[in-house]
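# Topology and contacts: notes
Chain by chain, the residues run as shown.
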Amino acid sequence: MPSGKGSKLLRYIEHRLRISLIDNRTIVGTFLAFDKHLNLVLVDAEEFRTLNKNRAAILEERVEKRSLGLIILRGENVVSMAVEGPPPPSSGKGVRGG
């Protein structure tokens, strides 16, 4: 079995992940694939951005949500990854390699 980052990421395929990016956005989606550059493929992805407004000494913070669907994230933009949830129970409809 190969050692390194790739073998550790394989165990999280089909898990729901929360990805933090260098521009302070957060992406939540189902992890499908990755490559040697650690580019990530997510399905059912949603983007969350925190917007700050400063009105008359009152700091107002708001979170914007966008549905993205199927996306590829460039590996150099990823700051951190966290597991949001386990993979769905197998129903025989999953993606199979071969």
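Residues numbered from 1 in each chain as written. Predicted model: local features only at pLDDT ≥ 70, side-chain atom pairs only at ≥ 80, totals over all residues. Heavy atoms only, no water.

This part takes up the nonpolar core. Core analysis: the largest hydrophobic core is formed by 11 residues, namely Leu9, Leu17, Ile19, Leu21, Ile27, Phe31, Leu40, Leu42, Ala45, Ile71 and Leu73. Looking at this core, the elements with two or more residues in it are strand S1 (16–21), strand S2 (26–34), strand S3 (40–55) and strand S4 (58–73). Those residues in contact with Leu42, other than ones at most four positions away along the chain, are Ile19, Ile27, Gly29, Thr30, Phe31, Gly69, Leu70, Ile71 and Leu73. (Core = buried A, V, L, I, M, F, W, Y, C linked by side-chain atoms within 4.5 Å. Buried < 20%, exposed > 50% of the residue type's maximum accessible area, 1.4 Å probe, protein only. Helix = DSSP H or I, 4+ residues; strand = E, 2+ residues; numbered from the N terminus. Contact = heavy atoms within 4.5 Å.)

Assignment of secondary structure puts Glu46 in strand S3. A polar contact of 3.2 Å, which involves the side chain of Glu46, links it to the side chain of Lys65. If we ignore the near neighbours within four places in the chain, the residues touching Glu46 are Arg16, Thr26, Ile27, Val28, Lys65, Arg66, Ser67 and Leu68. (Polar contact = N/O pair within 3.5 Å; in protein donor to acceptor, adjacent residues only side chain to side chain.)

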